[in-house]
Amino acid sequence: MGNNSIPYVLITPARNEQAFIEKTIQSVIKQSVLPLKWVIVNDGSTDATSDIVRPHLAKHPWIEVVDLPVRRERNFAAKVYAFNAGQEKVKDLCYEVIGNLDADVSLDYDHFEFLQAEFRKDPCLGVAGTIFKEHGYSSETDSFEGRNHVSGQCQLFRRQCFEEIGGYRPNKAGGIDWMAVTTARMMGWTTRSFREKSFFHHRTLGTAERGRLASSFSYGEKDYYLGGHPIWELFRVTYRMTKRPYLLDGVALGLGYLWAFLRQVERPVSDQLMRFHRKEQMQKLKTILRSLMTFRRIDSFEAKPS
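Residues numbered from 1 in each chain as written. Predicted model: local features only at pLDDT ≥ 70, side-chain atom pairs only at ≥ 80, totals over all residues. Heavy atoms only, no water.

Going by the annotation in an unreviewed UniProt entry, the name recorded for the protein chain is Glycosyltransferase family 2 protein, with Tunturiibacter psychrotolerans given as the source organism.

A. Structural view of the overall build of the protein chain. Helix and strand counts for the protein chain stand at ten helices and eleven strands. Taken over the C-alpha trace, the protein chain has a radius of gyration of 19 Å; the compact-globule value for 306 residues is 19 Å, and the two agree within 12%. With respect to the principal axes defined by its C-alpha atoms, the protein chain has extents near 60 × 45 × 35 Å. Classification of the 306 residues of the protein chain by burial places 54% in the buried group. Considering only residue pairs separated by 6 or more positions, the protein chain has 80% of its internal contacts joining residues 24 or more positions apart. (Helix = DSSP H or I, 4+ residues; strand = E, 2+ residues; numbered from the N terminus. Rg over C-alpha atoms; globule rule 2.2 N^0.38 Å. Buried < 20%, exposed > 50% of the residue type's maximum accessible area, 1.4 Å probe, protein only. Contact = heavy atoms within 4.5 Å.)

B. Structural view of the packing of aromatic side chains. Across all of its chains, the model carries 13 aromatic pairs by this definition. Centroid distance Phe83 to Tyr168: 5.0 Å. Interplanar angle 90 degrees. Geometry classified as edge-to-face. With a gap of 85 residues between them, Phe83 in helix H3 (residues 76-88) and Tyr168 in the loop between helix H5 (159-164) and helix H6 (176-186) connect regions that are remote in the sequence. Pairing Phe132 with Phe199 gives two aromatic rings, centres 5.8 Å apart and planes at 25 degrees, and the pair type is stacked. Of this pair, Phe132 sits in strand S6 (residues 125-134) while Phe199 sits in strand S9 (residues 190-201), and the two are 67 residues apart along the sequence. Owing to a relative accessible area of 4%, Phe132 belongs among the buried residues under this scheme. Taken together, the aromatic side chains of Phe83, Phe157, Phe162 and Tyr168 make up a single cluster linked through ring pairs. Directly above the aromatic system of Tyr95 lies the positively charged group of Arg159, at a separation of 3.9 Å from the ring centroid. (Phe/Tyr/Trp six-rings, centres within 6.5 Å; stacked < 30°, edge-to-face > 60°. Lys NZ or Arg CZ within 6 Å of the ring centre and 35° of its normal.)

C. Representation of the side chain of Ser151 in the model. When you line up the elements, Ser151 lands in the loop between strand S7 (137-138) and strand S8 (154-158). We classify Ser151 as buried; its relative accessible area is 9%. Apart from the residues within four sequence positions on either side, Ser151 is in contact with Phe132, Asp177, Ser193 and Phe199.

D. View of the packing of helix H8 (residues 230-241) against helix H10 (residues 271-293). Between H8 and H10, the shortest axis-to-axis distance is 9 Å and the interhelical angle comes to 50 degrees. Compared by their axis directions, H8 and H10 come out oblique. The element H8 and its partner H10 pack so that their crossing is left-handed. Note on element contacts: H10 touches H8 through Arg278, Gln281, Met282, Lys284, Leu285 and Ile288, opposite Pro230, Ile231, Trp232 and Phe235. Looking at the contact of H8 with H10, its residues break down into seven nonpolar, one polar and two charged. (Axes fitted to C-alpha atoms, helices over the stretch in contact; angles between N-to-C directions. Parallel < 35°, antiparallel > 145°, perpendicular 65-115°, else oblique. Left-handed = near helix turned anticlockwise from the far one by under 90°. Nonpolar A, V, L, I, M, F, W, Y, C, P; charged D, E, K, R; others polar.)

E. Layout of unusual backbone geometry. In the Ramachandran plot, Asn16 falls in the positive-phi region, its phi being about 55 degrees despite a non-glycine side chain. Examined against the element boundaries, Asn16 turns out to sit in the loop between strand S1 (8-14) and helix H1 (21-29). A positive phi is found at Gln264, a non-glycine position, where the angle reads about 50 degrees. Position of Gln264 relative to the elements: it lies in the loop between helix H9 (247-263) and H10.

F. View of a nonpolar patch on the surface. A cluster of nonpolar side chains, contributed by Leu213, Met241, Leu247, Leu248, Val251, Leu255, Leu258, Trp259, Phe261 and Leu262, occupies part of the molecular surface with about 930 Å² of accessible area. When residues of the nonpolar patch are assigned to their parent elements, the largest contribution, eight residues, is made by H9. Structurally, Leu213 can be placed in helix H7 (residues 212-225). Residue class for Leu213 comes out partly exposed when judged on its relative accessible area of 43%. (Patch = residues over 30% accessible without salt bridge, like charges linked within 9 Å, V, L, I, M, F, W, Y side chains within 5 Å. Areas by Shrake-Rupley, 256 points an atom, 1.4 Å probe, with all protein chains shown as cover. Salt bridge = Lys/Arg side-chain N within 4 Å of Asp/Glu carboxyl O.)

G. Structural context of H10. The first and last C-alpha atoms of H10 sit 33 Å apart over 23 residues, in line with the 33 Å expected at 1.5 Å per residue. Within the sequence span of H10, burial applies to Leu273, Met274, His277, Gln281, Leu285, Thr287, Ile288 and Ser291. (Expected span 1.5 Å × (residues − 1).)

H. Expanded view of the pattern of salt bridges. What the rule picks out here adds up to 17 salt bridges. A salt bridge links Arg54 to Asp67; the nearest nitrogen and oxygen atoms lie 2.2 Å apart. Here Arg54 is found in the loop between helix H2 (49-53) and strand S3 (63-68), whereas its partner Asp67 is found in strand S3, with 13 residues between them in sequence. Here Asp110 makes a salt bridge to Lys197, at a shortest N to O gap of 2.6 Å. Of this pair, Asp110 sits in the loop between strand S5 (105-107) and helix H4 (111-121) while Lys197 sits in strand S9, and the two are 87 residues apart along the sequence. With respect to class, Asp110 is no different from Lys197; both count as buried.

I. Main features of the environment of Leu247. Tracing the backbone through its elements, the reader meets Leu247 in helix H9. Using a relative accessible area of 45% as the deciding quantity, one classes Leu247 as partly exposed. Sequence-wise, Leu247 and Gly167 are 80 residues apart; in three dimensions their C-alpha atoms are separated by 36 Å. In this structure Leu247 touches Arg240 and Met241, once residues within four positions along its chain are discounted.

So, in structure tokens, the structure goes:
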């Protein structure tokens, strides 16, 4: 690791990722700046995930595998427990940045070197990542999450920031990455996705062990229980329905939000975080509507006219 490098560690919770984890491994071992330690947590996989990882251990001693027991249930709280098991393995290392990396992504060779440079530039940068692409989808152009959100497939946290927010908080229904990033921003940290770099997500977002429409419905439910403003949700659903071939995805998204509202699903977020989130959404919506009224093209990533 070079003199100007920021020491970092990676943790990868992996459950039944035999289809993609070799791609992720190749991406990490070819990085221009390697991590101090990469802990891959085999979260009760019933496929060949662990068998694919183990041949790499002898050649790359900075990679470690932790095997957790097989379990029937798949939920997002379990991912946090797996991450925490990995974090336990790096607690005594002198690192400044800790990363959560999914086991189904491919990265450019200088992905982490690029993000290290951004951490060096801005001491207030608490969470950093890049845009991501899937088959026919780009978070830069097809999402209004924008540059302030860092996607959960690859999130890097400044260690101080991660400790201040209390790390990831387990929630069975999901949203753990969003809660971490938004809490960091609420506490005064800068959170940023950079469009200068990207990574490829091999599995369509949210479709692990479920179909696309079911995933959209689930995201609608999540929008509700994470405290999303109903006006923002209406806008999001309408926008999604105009994006071919996502009309049915938009419908499913709206139905998920409505179903959660009718059931009055308990929200895992604090009132303070919900107010902060809704304020951000309304500010963003005002910017977008102002652009539409002046017939200017919207830069969805920056949420401003371009």
